[in-house]
Amino acid sequence: MSARDVVGRLAAGWHALRRLAGRAWSRATSDARTIRGRLFRKYVALFVAVVCVALLSNGAFDVWFYYREHKVALVRIQREQAAAAAAKIEQFIREIDNQLGWTTQLSWSDGTIEQRRFDGSRMFRQVPAITELSLLDPKGHEQLRMSRLTMDVEGSQADFSRDPKFTEAVAHKIYYGPVYFRRESEPYMTIAMAGARRDAGVSVAEVNLKLIWDVVSQIKVGEHGYAYVVDAQGRLIAHPDISLVLRKTDLSRLPQVREARGEVGAAQVEEAENIEGRDVLTAHATIAPLGWLVFVELPAQEANAPLYAALERLAWALLAALIFAVLAGIFLARRMVGPIQALRSGAARIGSGDLTQRIEIKTGDELEGLADQFNEMAGRLQESYADLENKVEARTHELSQAMRQLEEKSQQLETASQHKSQFLANMSHELRTPLNAIIGLSEMMFTNAARFGTEKAIEPLRRVNRAGTHLLGLINQVLDLSKIEAGKIDLNPETVSLAPLIDEVVGTARHLADQNKNRLVVDAEANLGAITVDAMRLRQILLNLLGNACKFTKEGDVTLRARKVVDGGNWIELAVVDTGIGMTPAQQGKLFEEFVQADSSVARSYGGTGLGLAISRKLARMMGGDVTMTSEQGKGSVFTLRLPGSAETAPAASEEIDRPGSDCILVIDDDATARELVADQLKSQGFSVVTASGGLEGLKRAKELRPIAITLDVMMPDLDGWSVLAALRQDSTLAEIPVIMMTILDEQRRGTALGASGYLTKPIDRERLQRMVSRFRSPGAPTRVLLVDDDDIQRERARAWLGGPHWIVQEAANGREALARVRESKPDLILLDLMMPEMDGFAVVAALQAEPSWRDIPVVVITASDLSAEDRKRLSSGVQSVLVKETFRPTELVARIRQLVKKPPADAGMGAAS
Amino acid sequence: MIKLMYVDDNDDNVYMLKMRLELLDEFEVLVAEDGEKGCAMAAAERPDVILMDLEMPGVDGWEATRRVKSNPQTRDIPVIALSAHALTGARDKALAAGCDEFDTKPIDFDRLLATIRRLLAVKQRAAERS
């Protein structure tokens, strides 16, 4: 079969294979959610490749060598056949030569024609192939001619002397003539042979070459193999296809011919093309004497046929093997990859949290071992997770318990704190009351020693008094501290000028300095300006610092330094510098702790409870500042109080309260002159002013205009200032308007009660009381004073202090009584305790104000020193500030208004003009 | 007259106790204002009884008591400690330092007197026996 067929069969096979493989593949990969994967494909491909490569290489190897050997064998056969044919032909020719040679034996000089004829006949008999014989004498004349077909001819004397038959024979002994054809198809050849003897002549024979033809034709190689003969020139002599011969086909060009002829440049040829152009396997042999060549050729196709067949077999085998390999590969790969896939997906599941997953692999090999490891790991993870969860639960439980306990504790603290506040409220009163008696009575005793004739008692009583006062101070400190801690301290900021305040404090501290022979110096910057602060507390802090400095310095210097500092904000820095004993670092560390005074040795030397500094710092911090210190033992200390700066730097815009209403100030005063004066002052400062000449009118205008501030004269005929105030306060739209009271009183304290002309804080001492009341003394006649206090002792004391011709003292134990007394006879002055049972001080004041004829009685209010903001509010009821008419400076008024207008109303406490 | 020495740095305390005791017309009261001076005076004057304030600067009451009790000249003098400390353990501390008795301030005068007399009686009896 032909190569083309083989290829076709191969291609068909290939397509079939592909289809099969595709089906197998999809089947294999479809049920591989478990099998799918590169690993599987890899294994299959690898297996298939191995099988194919093995088969292929083996097959190819085999085929190749088989082919080669086959070819070699074929060529060998052909060559043998060629050789055999050549031998036969050679033999034939030699036979003829031989026979012909016999005929040349006789010499022409003596032999007879008869003899020659006899030899000739004999030759004809021996060699059927010779059809004619021509004997030439040595001169080249034909002497005898014999033929099988025609009559013998003797002595024709035809001259062949120039004929190559004769000349060549003579020259070379034997002559082979070219092949020619008779009767169109029979090959003949002339062979001339010269005798050995000198005068033997030449015998010329015509040889029928049919034998050659037969020989050639008989040669059978395979089915389509053939042989042919070419002469020495390469011309075809014999061929199974006679037409080629008759055409005298020249094959000299063929490579095999050329090679056989030994031409230079011709290569060893075994495969060549024949004259038809077809590939042939060729072998040749030489027919020696003639130089002819016998070719035995086999069409390559036939020669290669076994090869193609083998190849096709191989291809089929390969195909089969491929299919087998794929299937086997799939099978094997599945076996191999399956466990791996199981491992992978199992691990993935475990990894994603499903710890109950266990991998099932029973392959009895390392994969199973691996799976077991995984399972073990999963098991352990499960355990530890479970363990962890338990632990977490336990902890959470503990935590929630702890939380609950905390909540309970916090509740308890809350309650405790509330109890504490309650306690403080009570203590404040309880502790002070006995001290009142101690201080008061002892003072009374030593003051009146002469009268009682108890001069001897003066010294003891003085000491008692001093100790009591000291105790009071300590108790106050303790209570202060507790209040600060309980958050019960209210700060009442007011704007005060720093310089006067400093002077005042220093004045108070001077006697402390003198005690230890210290020098007290003030070093204040110019233009310190004002500060918005709770002035009382500021004084308290400064006195504490100064007191400490004086206490711990002997015969040294104590300096109060005041500076403005810009450091991220505007600050006022007040520093107390002393040249005292200083402190070690250890002592400094403990300094601000409560109840610790550097250490106990210091405490013993210097006394005190060590509370002052703690309070000072706490207060400072409440005010937005701090108290800090530096110190060097033996050299001295510096305590620095730093407070936020003045109101000028307060944020402006946000505190500008959007008040509905016009931007004007309402001036209410019945006195025209006063009215004009105030109005002019305000106008010159850029305010717009509206005036009202009485309380009622004032209220009306206030409602209409809603001014930003109101100045209010206290003493007015129709509706006095306090009533106006009350009315303003009751009207919610007007209650927020700051009011400046203008009074005729020249006593001002931090605030004045509704109608109160002044106030005293308990415990009262004689001097202060006397100072206060002396203001209200009527010139000439004795002054009637009404003492209103529920505390008998207090009353008694006060009465004692007000002994003498100048005073007529009346008493009332509560508000009701007081009003009754007032009704009886109008006093010139009322000393009024605020805290009383039944009708308290506020009510009395209110009642007094309600009665026109009583309104002008000056009332000095006696109260505990710590008026709460509540109390103050009640008392002040909207009074923002109090100015004394006669002595106020217009600029002061304006400044005050400015400040008030800037302040948010809720914050505005009582302000005292400084 | 019983010679009593009172050691205390506080002026008011001294003034008061001296006056009160002397008002009884039984006591001659000597005063020392710190532990140092107290020890010296004890050795010099040999009082019959010592009232010792405990919290004093410099040589405090405990130290002074120890010194007094270790001085053979003053060892026999009964010492009554006076302390404003209300804490527990103050009494024990005082007695450990060598005090014979302990009393708190503010002083309960009658109680203090009783203590003084009791100690003096004990001392008396001890002296009579020997």
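Residues numbered from 1 in each chain as written. Chains lettered and ligands numbered in written order. Predicted model: local features only at pLDDT ≥ 70, side-chain atom pairs only at ≥ 80, totals over all residues. Heavy atoms only, no water.

1. Quick word on the overall build of chain A
Working step 1: Within chain A, the regular secondary structure consists of 26 helices and 29 strands.
Working step 2: For chain A, with 914 residues in total, the buried portion stands at 44%.
Working step 3: Across chain A, every contact between residues at least 6 apart in sequence was considered, and the portion connecting residues at least 24 apart equals 66%.
Working step 4: Only carbon and sulfur atoms are counted for the fraction: they give 54% of the accessible area of chain A, which is about 46,800 Å². (Helix = DSSP H or I, 4+ residues; strand = E, 2+ residues; numbered from the N terminus. Buried < 20%, exposed > 50% of the residue type's maximum accessible area, 1.4 Å probe, protein only. Contact = heavy atoms within 4.5 Å. Areas by Shrake-Rupley, 256 points an atom, 1.4 Å probe, with all protein chains shown as cover.)

2. As for the overall build of chain B
Working step 1: Within chain B one finds five helices and five strands.
Working step 2: Residues classed as buried in chain B amount to 45% of the 130 residues present.
Working step 3: Total accessible area on chain B is roughly 6,700 Å²; 52% of this is exposed by carbon and sulfur atoms.

3. Here we look at the side chain of A:Arg463
Working step 1: By the element assignment, A:Arg463 lies in helix H11 (residues 458–485).
Working step 2: We classify A:Arg463 as buried; its relative accessible area is 13%.
Working step 3: Here A:Glu459 takes part through its side chain, which lies 2.8 Å from a polar atom of the side chain of A:Arg463.
Working step 4: Not counting chain neighbours up to four residues away, the residues in contact with A:Arg463 comprise B:Asp11, B:Asp12 and B:Tyr15. (Polar contact = N/O pair within 3.5 Å; in protein donor to acceptor, adjacent residues only side chain to side chain.)

4. Observations regarding the interface of chain B and chain A
Working step 1: Taken together, the contacts link nine residues of chain B with six residues of chain A.
Working step 2: Buried surface at the junction of chain B and chain A, summed over both partners, amounts to about 650 Å²; 50% is from carbon and sulfur atoms.
Working step 3: Of all residues in chain B, B:Asp12, B:Tyr15 and B:Pro57 bury the most surface against chain A, accounting for 62% of the area lost on that side.
Working step 4: Summed over the shared surface of chain B and chain A, the number is three salt bridges.
Working step 5: Note that A:Arg463 is salt-bridged to B:Asp11, the shortest N-O span being 3.1 Å.
Working step 6: Where chain B touches chain A, the interface holds two residue pairs in polar contact (both at pLDDT 80 or more).
Working step 7: The residue makeup of the side of chain B that touches chain A, split by class, is four nonpolar, no polar and five charged. (Buried area = accessible area lost by both parts, 1.4 Å probe. Salt bridge = Lys/Arg side-chain N within 4 Å of Asp/Glu carboxyl O. Nonpolar A, V, L, I, M, F, W, Y, C, P; charged D, E, K, R; others polar.)

5. Let's talk about helix H8 (residues 300–351) of chain A
Working step 1: Remark: the principal bend of H8(A), roughly 35°, maps to A:Pro306.
Working step 2: Trailing H8(A) by a residue or two, A:Gly353 shows a phi angle of about 120°, which is positive. (Bend = angle between axes of the 7 residues up to and from the residue.)

6. Examining the confidence of the model for chain B
Working step 1: Per-residue pLDDT for chain B has a mean of 90; in total, 99% of the residues score no lower than 70.
Working step 2: Both confidence scores are given for the complex: pTM 0.37, ipTM 0.76. (pLDDT = per-residue confidence, 0-100.)

7. A short note on the packing of aromatic side chains
Working step 1: Using the criterion set out here, one finds five aromatic pairs over all chains in the structure.
Working step 2: Ring centres of A:Trp64 and A:Tyr67 lie 6.2 Å apart, and the angle between their planes is 35°; this geometry places the pair in the tilted category. Placement of the pair is A:Trp64 and A:Tyr67 together in helix H2 (residues 38–102), with a separation of three residues, close to one helical turn.
Working step 3: One aromatic cluster is present, built from ring pairs that chain together A:Tyr226, A:Tyr228 and A:Phe295.
Working step 4: Above the plane of the ring of B:Tyr15 lies A:Arg463, whose end atom (NZ or CZ) is 3.8 Å from the centre.
Working step 5: Over the face of the ring belonging to B:Phe109 we find B:Arg20, whose NZ or CZ atom lies 4.4 Å from the ring centre. (Phe/Tyr/Trp six-rings, centres within 6.5 Å; stacked < 30°, edge-to-face > 60°. Lys NZ or Arg CZ within 6 Å of the ring centre and 35° of its normal.)

8. A few points about the packing of H2(A) against H8(A)
Residue and element names in this part refer to chain A.
Working step 1: Across the interface, H2 lies against H8 with an axial gap of 7 Å and an inter-helix angle of 165°. When the axis of H2 is compared with that of H8, the two are roughly antiparallel. In the crossing of H2 with H8, the sense of the turn from one axis to the other is right-handed.
Working step 2: Residue composition of the contact of H2 with H8, by class: 34 nonpolar, four polar and one charged. (Axes fitted to C-alpha atoms, helices over the stretch in contact; angles between N-to-C directions. Parallel < 35°, antiparallel > 145°, perpendicular 65-115°, else oblique. Left-handed = near helix turned anticlockwise from the far one by under 90°.)

9. Concerning the pairing of strand E2 (residues 27–32) of chain B
Working step 1: Alignment of strand E1 (residues 2–7) of chain B against E2(B), held across six bridges, turns out to be parallel. In the strand pairing of E2(B), B:Ile2 is matched with B:Phe27. (Pairing = 2+ DSSP bridges.)

10. A word on the pattern of salt bridges
A side chain with one charge can pair with a side chain of the opposite charge if their charged atoms come near.
Residues and elements named next belong to chain A.
Working step 1: Taken as a whole and assessed by the stated rule, the structure comprises 43 salt bridges over all chains.
Working step 2: Across the salt bridge formed by Glu-459 and Arg-463, the nearest N and O atoms sit 2.8 Å from each other. On the criterion of helical spacing, the pair formed by Glu-459 and Arg-463 is a turn pair, its members being four residues apart in helix H11.
Working step 3: Looking at Glu-459, the relative accessible area reads 32%, which means it is partly exposed.
Working step 4: As a salt-bridge pair, Asp-792 and Arg-795 come within 3.5 Å of each other at their nearest N and O atoms. Here Asp-792 and its partner Arg-795 are both found in helix H22 (residues 792–801), three residues apart, which amounts to about one turn of the helix.
Working step 5: Looking at Arg-795, the relative accessible area reads 11%, which means it is buried.
Working step 6: Three or more residues are tied together by salt bridges with common partners; here these are Glu-132, Glu-142, Arg-145, Arg-182 and Glu-206.

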